[in-house]
Amino acid sequence: MIRSVVSAFAVAMLGCAPPPPGDDPYVPLPPDERAHRVSLALRAVRATQAEVQAVSADPNALAALAWMWMEDAAFGETVKDLHNEQMFMRNDLEPPIQPVGPLAGHTMEDLFASTSEEPLELIRHVVTSDLPYDTIVTSDVMLADARLALLYGLDRSPALGGWVETTWSDGRPQAGILTSSEVYRRHLSNGSNFHRGRANFLSTFLLCEDIGGRDVVVDGGVDLSDEFEVAAAVGSEAGCVSCHATLDPLAAHLWGFKPQITGLAINDALRKGCHWPHDDPDAPPGASLPEDFCFPIRSWDDNMVDDWALWNLPPPAYFGATTDGLVDLGRQIARDPRFAQCAARRAVGFFHQVGWRDVAQHDADRFTDVFVQSGLDYKALVHAIVTDSVFLAAASSDARRPPLGPLSVRPEQLRRTLQAVTGFDWVVDPNDMPCGTDCWNETAMLGNDRFGYRSLAGGIDSYRVFQPTWSPTPTRVLVLDRLADEAAGYAVATQFALPAAQRTLLQQVEPTTTDDDALRSAIAALHADVLGEFLDPRSPPVGATLALWQQMLAQSDPETAWEVVIAALLRDPRAEFY
Amino acid sequence: MSPTRRNVLLAAPLLWALPRAAFAASRRRLVVMVADGGWDMTLCMDPKPGAAGVEGPEVDEDVDDPEDREAIQTFAGIPVWVNDTKRPAVRTFFEAWAPSLTVVNGIWVGSIAHDPCRRRMLTGHESTGRSDLTVLAGARHGADLPVGSFDCAGLGSLGPLAATTGGLGRTGQVAGLLDPSLRFPAALGATTDPRGDLPTAAAPAVEAWLANRRAAYRLTHADPRAHLDALDESVVRARRLIDEAADLTSLVVPGHEPRMDDAVDIAVGLLERDIAAAVLLQANGAWDTHVANVNQHGLYDNLFAGLTRLVEGLSGAGLLDDTLVLVTSEMGRTPARNEVSGKDHWGHTSALLIGGGLPGGRVLGATSDTLESELVDLATGLPDAQGALNKYDNFAAGVLELVDVDPGDTLPGVVPWRPG
């Protein structure tokens, strides 16, 4: 027994030991794959031929390109994707807010985007504006689009397009995502939870302290039928204190937020015309006034801020330190060393495609150092991760430290890559079915789980699937096959309808082209455009693809043959992985 | 040896591409049905009449309705709360199947947060990234089938065996991939393929081209996470799903969460036709009754109606003796109600086991009068003051043993709970 414990300890120490300084066992990927990996990771498109050539000519060019790619608007989308995988905002499987009342005329899809993206947009804004990352918990502004402004009655000019800076207009303190209504509409407080679930979300997301994931051992003797006794016990019983001593004071900051304002409750309230007696048993639960659920929604109430005291719960504090409200909470989180380390750990997990809990401590530490030394510059953190030898490794001379291997293209990346290459966006209209008042109009099949394939293609649904599946699955294959067919058909039809000079694909050929050189040139260009694979038109891979085209031509027509070729390329492992 | 996809393949090379006849005779199967959100065991299989502080179903009786009365009735030795007004399906199920049913009370989950509890009960692990019980059983017993396991609930944890799995999608989306007639139309003005499907005749040529491309890619890329193996396997399995499972999608209405009856019929169909060896199902409904715990009555009625349909379906197909059905919830609910007549999270739960050759008519494990898990003899499952908690990992290891999967591979060092 002792020997096995010692062995386990030794193995654990071996696995966790940081590598010796200067010891880098990694053999880099070829220049083209290095460029594509970083480009796809940052902006969801492959590197251009000129960019690949620059990396081939000068290995240091990749670092400069990475900085440049982070200036692309597409990097902002990546930042949002990354944070959605940590915050679980894009949950379309629970009833969304419907386009009724002042929101009539908008689509369900648009309303969902406006609400679920609100805190993600603030984070995107912080990162892409080169603000210190801790601004996400200290910002005195929030971002809103026109629909969100209608929903919450925000002071925002309807004439302005897109997401613009404004403030919450209900008197709440402003502390970045800590005071986001949409964060707390997504992360509810149920029953006698007293905002603990929300506090645990904040602790887990911002500090990587998953208090709620700890074992719960409750000794007998507590009268569980008495909520006051339970509330007292969590501050005195040994089995409870280890979690509640930190959780409850953190949760105490959040009592100003309504426990829950769900889409269903909002829809119910509107159906009832927002007028009913306050003692109506059918009134939506969890808020002090039924009309809070009507537009503009009131998700904050100054009068509830100190209601923790009604339950004899402890006052607001931060891991033992006293705090002065939400703004001060944001400052204390920003000063906490765990904040930077957690952000680094989560970013490494996202780019390396491992769970944040599984990121090696020495990796978390060294990227935290970069992050802190940069003044919490998130771009500097991401830059360090994607230009690091681990991220760019093809092989390793140390079996204990293998390379990452092929990385899977996420559904969100795939959607943007496909759009860039083929112009195709997989959007459907699910209203063909009986949907009553629950109709979604245009729905992106790679960005949705109510109708679409995001989680079946390996993504999260933010509802029950909280970690991506980075490995191929049969259902992901089915999704990608269908996507390839749809995109190929669209690309051929739209490209051949244009004059050659205006096309982005198939510029070298017409449907009637039979010249071998032109066909090879077109196929080599498709390999470059679709896969970032820059081949000589006389190379064997181009010959193999030409043979596929010829085989299809013998069975069908030129357009179909091109469709098959493009669909095949979109199924290639270079399209699946990067 | 941990049950990675690569290890499974090394142990049984290319089993997933082989004919199934050699396996069918001895195949073990597993169906896991989850009441996701947290059930209140005191309304049904863990009755606590007279226990101070435990509010059972009797508090919901309508005094003005003489038909709305709760009673504890014993079926084949299993005491259960019944109410023929609110939960008629409970009686129906127990009258028919109690002699084959094992009730397991007092499973210690050790958390009161949904996701950690779900992870613990379905995988036996606290940590993320593990394969759940259906995935493990499916990989073991469905290696020759189109897929090992099929997730009809959207709750599964695929882990390293992801390439062995299939999924329905939360609202049956996979139907649109298997059956072209079930696709959503393109949105107005949206971009989509105006030419329709590629010719079927193209498939062999494309597959041959892709096989060469994948082989070339493999030559130049280290693959420490075995993603390329997983891709090869997934491609074969995806083709087989199209060939063998497409017609099951007739039970799916795209865009809508499948009704319990339909999901059950899909599950039985998947097993009966040897498309999968394990299925994960969900007992529909909002079980997380922080408000109005009274809603659990209807949820139980729905659950037992679905369970009856499942067990009858398996029995009718001659599969029940080989198929273990596990019904559980990731957590229980507090003994007493909160200020809005709901019940909050509770780190103890129960399970129902039926089929798979397991004897029935018994209750194993127990909870105290404060609804906390009692110690049991893990070798028998019976209460034992000198025993141990039946923790989520013990229970998961025990379920794996019951379906002939070595729990030592995935839960090394964990003592399996054994039902006598």
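In the block above lies the structure referred to throughout.
In every chain, residue numbers begin from 1 and rise along the written sequence. Here the convention is simple: chains get letters from A, ligands get numbers from 1, in the order in which they are written. At least 70 in pLDDT is required for a residue's local features to be given in this predicted model, at least 80 for side-chain atom pairs to be given and counted, and no such filter applies to totals for whole chains, interfaces and linings, which use all residues. Side-chain metrics in this entry use all non-hydrogen atoms of the structure; hydrogen atoms and water are not considered.

Draft legend 1. Quick look at the overall build of chain A. What chain A contains, in helices and strands, is 23 helices and 8 strands. For every residue, the accessible area (1.4 Å probe, protein chains only) is compared with the maximum for its type, and the residue is labelled buried under 20%, exposed over 50%, or partly exposed between those bounds. Counting only residues that meet the buried cut, chain A has 59% of its 578 residues in that class. The contacts in chain A between residues at least 6 apart in sequence include a share of 66% that link residues at least 24 apart. Of the accessible surface of chain A, which amounts to about 21400 Å², a share of 56% is contributed by carbon and sulfur atoms. The secondary structure listing takes helices from DSSP runs of H or I that are at least 4 residues long and strands from runs of E that are at least 2 residues long, numbered from the N terminus. The contact rule is simple, with two residues in contact once any of their heavy atoms fall within 4.5 Å. The Shrake-Rupley method, run with a 1.4 Å probe sphere, supplies the accessible areas, and residue values consider only the shown protein chains as cover.

Draft legend 2. Highlighting the pairing of strand 2 (residues 71–75) of chain B. All names here are of chain B. Any two strands with at least two DSSP-identified bridges between them are counted as paired. In this sheet, strand 3 (residues 78–82) lies alongside strand 2 in antiparallel orientation, the contact comprising 5 bridges. Counted as the bridge partner of Gln73 is Val80 from strand 3. In this structure, the hairpin formed by strand 2 and strand 3 is closed by a connection of 2 residues, where Ala76 is found at a positive phi of approximately 50 degrees.

Draft legend 3. View of the pattern of salt bridges. All names here are of chain A. Note on definitions: salt bridges are taken to be side-chain nitrogens of Lys or Arg within 4 Å of carboxyl oxygens of Asp or Glu. Under the counting rule described, the total for this entry stands at 72 salt bridges over all chains. The closest approach of N and O atoms between Arg410 and Glu85, which form a salt bridge, is 2.7 Å. One end of the pair, Arg410, is in the loop between strand 6 (393–396) and helix 18 (411–422); the other, Glu85, is in helix 5 (residues 73–87), and 325 residues separate them in sequence. Take Arg410: its relative accessible area is 5%, and that puts it in the buried class. In this structure, a network of salt bridges that share partners links the residues Glu77, Lys80, Asp81, Arg90, Glu117, Glu121, Arg124 and Arg416.

Draft legend 4. Highlighting the state of the cysteines. Residue and element names in this part refer to chain A. For this text, the term disulfide refers to a pair of cysteine sulfurs within 2.5 Å. This model, assessed by the stated rule, comprises 1 disulfide over all chains. Here Cys208 is linked by a disulfide to Cys342, with a sulfur-sulfur distance of 2.1 Å. Judged by the sign of its S-S torsion, about 85 degrees, the cystine formed by Cys208 and Cys342 is right-handed. Separated by 134 residues along the polypeptide, Cys208 in the loop between helix 10 (196–207) and helix 11 (227–233) and Cys342 in helix 15 (residues 337–352) bring together distant segments of the chain.

Draft legend 5. Up close: unusual backbone geometry. Omega for the peptide link from Phe295 of chain A to Pro296 of chain A comes to -10 degrees, which places this bond in the cis form. With respect to the secondary-structure elements, Pro296 of chain A resides in the loop between helix 13 (263–271) and strand 4 (317–318). In this structure, Gln353 of chain A is a non-glycine residue whose phi angle is positive, near 60 degrees. Note on placement: Gln353 of chain A falls in the loop between helix 15 and helix 16 (361–373). On the basis of relative accessibility, which here comes to 1%, the residue Gln353 of chain A falls in the buried class. Of note in this structure, Asp274 of chain B is not a glycine but carries a positive phi near 55 degrees. Take Asp274 of chain B: it is sitting in the loop between helix 9 (260–272) and strand 7 (278–282).

Draft legend 6. Region of interest: helix 10 of chain A. Working rule for helices: expected span equals 1.5 Å times residues minus one. Between the first and last C-alpha of helix 10 of chain A there are 15 Å, a value that for 12 residues agrees with the 16 Å anticipated at 1.5 Å per step. Immediately downstream of helix 10 of chain A, the backbone of Cys208 of chain A shows phi near 60 degrees, a positive value.

Draft legend 7. Expanded view of the environment of Asp134 of chain A. Residue and element names in this part refer to chain A. Position of Asp134 among the secondary structure elements: in the loop between helix 7 (118–128) and strand 2 (142–144). Given the relative accessible area of 19%, Asp134 is considered buried. Along the sequence, Asp134 and Val359 sit 225 residues apart, while their C-alpha atoms lie 22 Å from each other. When neighbours within four sequence positions are excluded, Asp134 is seen to be in contact with Ala334, Phe339 and Leu376.

Draft legend 8. Broad picture of the pairing of strand 8 (residues 323–328) of chain B. Residue and element names in this part refer to chain B. Among the 6 residues that make up strand 8, 6 are buried, leaving the element largely enclosed by the rest of the structure. Of the two faces of strand 8, the one carrying Thr323, Val325 and Val327 and the one carrying Leu324, Leu326 and Thr328 are both buried. Strand direction decides the pairing type here: strand 1 (residues 29–34) and strand 8, joined by 6 bridges, are parallel. Counterpart to Arg29 in the pairing with strand 8 is Thr323. Bridge count between strand 8 and strand 11 (residues 348–355): 5 bridges; the pairing is antiparallel. Looking across to strand 11, one finds that Thr328 is bridged to Ala351.

Draft legend 9. Quick peek at the interface of chain A and chain B. Taken together, the contact between chain A and chain B spans 96 residues of the former and 88 residues of the latter. Approximately 7200 Å² of surface area, both sides summed, lies buried where chain A meets chain B, with 60% of it carried by carbon and sulfur atoms. Salt-bridge contacts for Glu533 of chain A lead to Arg213 of chain B; the nearest nitrogen and oxygen are separated by 2.8 Å. Polar contacts here mean pairs of N or O atoms no more than 3.5 Å apart (in protein, one a potential hydrogen donor and the other a potential acceptor; neighbouring residues in sequence count only if both atoms are side-chain atoms). Counting every contact that joins chain A to chain B gives 21 residue pairs in polar contact (both at pLDDT 80 or more). The set of elements that each furnish at least two residues to the side of chain A that touches chain B consists of strand 7 (427–428), helix 19 (474–496), helix 20 (516–531), helix 21 (540–555), helix 22 (558–570) and helix 23 (573–576) of chain A. For the side of chain A that touches chain B, the element with the highest residue contribution is helix 19 of chain A, accounting for 12 residues. All residues other than Ala, Val, Leu, Ile, Met, Phe, Trp, Tyr, Cys, Pro, Asp, Glu, Lys and Arg, Gly among them, are scored as polar; the first ten of these are nonpolar and the last four charged. Across the side of chain A that touches chain B, the residue classes break down as 46 nonpolar, 24 polar and 26 charged. What gets called buried area is simply the loss in accessible area from a 1.4 Å probe that two parts show on being joined, summed for both.

Draft legend 10. Quick peek at helix 6 (residues 108–116) of chain A. The buried count for helix 6 of chain A comes to 7 of 9 residues, which makes it a mostly enclosed element. Where the residues of helix 6 of chain A are buried, they touch helix 7, helix 8 (146–152), helix 9 (181–186) and strand 8 (443–444) of chain A.

Taken by themselves, the reported measurements are silent on function.
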